[in-house]
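Next come the chains, spelled out residue by residue.
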Amino acid sequence: MKHLFLLVLFSLFFFNCKTDKKPIVKKNIPYAIVLHGGAGNITPNNLSKKKQKEYKLVLEKALDAGYLILENNGSALDAVQKTISILEDSPLFNAGKGSVFDSQGKNKMDASIMDGKTLNSGAVTGVGNIKNPIFLAKTVMDKTKYVLLSGKGAEIFAEQNNIKFENDDYFYTKRQADYLLKVQKRERDSKFATNDFKNNKVSNKSIILNKSNSKIIHKYGTVGAVALDKFGNIAAGTSTGGLTNKKYGRIGDSPLIGAGTYANNKTCGISCTGVGEYFIRTLAAHEASNLIQYKNNSAKEAIKEVIHSQIANLGGQGGMIILDKKGNIAWTFNTKGMFRALKKSTGEKEISFFTN
Ligand code: ASP
């Protein structure tokens, strides 16, 4: 009996020592957050001063909210989630509330999140009526043995885990509805048009297109964030409604770990935006991480190589944000602009839209 008592006492002591162990703050590296709100045809001519103000306001709110979490000893994962959820709640971006419509007039969203410390990841694709797909992706990561859940199954999982749903009206924005009609008209007039536009039914007369000559119509607005916390941990996430008028259950790069999102404490965190097909074909986010790990590239060199050589050579368009393990931030795009912002514990802060 006495031995049993001593054993219980010892276990309690041991357990307490273990749980009391706090993560160590890495004082020699800055903590930081970087975000994007999509790359595309963003120019001073396309974006009125009033609109620029509106975008700046939301980008800054999302940036500051993520940064505050880092400042208060929070994790990079929490910062990324919070930042992305604020952008998802805005009608200005193609994610959550402001998501684009697919060919059936539905909002089908994709999201992913990755923890650079453990390489744990969670993602969802083709989900409808989920208020914040990034929370669902994080729940997949935390509560399942899987990485990627799709469609109806992901929605059932969301219900079981008290994820917030919204009705179709919540996701309706006139801007995206008008854009759907415009894209459908443009695609109908195109020589690559398929018959499914006429009656919204999939046609068996669809033309098989050569990837290099079929132009995908892309509009900006996907959102993403990467953070580095005080403990040296990196996280990255991306959320999108995908491409306007997407068909056949099309899935882009945003929910695919290694394509649209990647994080690894050994190298960096990355979130991508652009025509997803090119980012899948080049495994863009993982490729940039590899260039750092195996070719000794700087963060800036790595994303330059991926966007301006590999993706551009295939005819692809888009952009990337990167934050490396030392706190270096870089971004690049081969479109006219990209909504982007950064904040670092060194005092640096920037919010910009256009080519500098
Ligand atoms: N990458 C997203 C997709 O292809 C779209 C975007 O970033 O604008 O679904």
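For the structure given in this document, a descriptive report is provided here. (Residues numbered from 1 in each chain as written. Predicted model: local features only at pLDDT ≥ 70, side-chain atom pairs only at ≥ 80, totals over all residues. Heavy atoms only, no water.)

Notes on the sheet that holds strand E4 (residues 148-150)
At step 1: Judged by pairing direction, the sheet is mixed, and its 8 strands sit side by side in the order E4-E3-E2-E6-E5-E1-E11-E12 without closing on themselves. The open sheet terminates on both sides in strands that have one partner only, identified here as E4 and strand E12 (349-354). This sheet shows a mean twist of 5° between the axes of neighbouring strands, independent of strand direction.
At step 2: Summarising the sheet, strand E2 (residues 109-115) and strand E6 (residues 234-240) pair through 6 bridges and their orientation is antiparallel. (Pairing = 2+ DSSP bridges. Helix = DSSP H or I, 4+ residues; strand = E, 2+ residues; numbered from the N terminus. Axes fitted to C-alpha atoms, helices over the stretch in contact; angles between N-to-C directions.)

A short note on the side chain of glutamate 155
At step 1: If you trace the backbone, glutamate 155 turns up in helix H5 (residues 151-160).
At step 2: Residue classification places glutamate 155 among the buried residues on the basis of a relative accessible area of 11%.
At step 3: Excluding its chain neighbours within four sequence positions, the residues that come into contact with glutamate 155 are Lys108, Gly126, Val127, Gly128 and Phe165. (Buried < 20%, exposed > 50% of the residue type's maximum accessible area, 1.4 Å probe, protein only. Contact = heavy atoms within 4.5 Å.)

Some words on the pattern of salt bridges
Working definition: two side chains of opposite charge can pair if their charged atoms are close together.
At step 1: Tallied over the entire structure, the rule returns 13 salt bridges.
At step 2: Note that aspartate 64 is salt-bridged to lysine 343, the shortest N-O span being 3.0 Å. With aspartate 64 in helix H2 (residues 49-71) and lysine 343 in strand E11 (residues 337-344), this pair connects stretches of sequence that are 279 residues apart.
At step 3: Taken together, the salt bridges that share partners define one network made up of Glu60, Asp64, Lys343 and Lys349. (Salt bridge = Lys/Arg side-chain N within 4 Å of Asp/Glu carboxyl O.)

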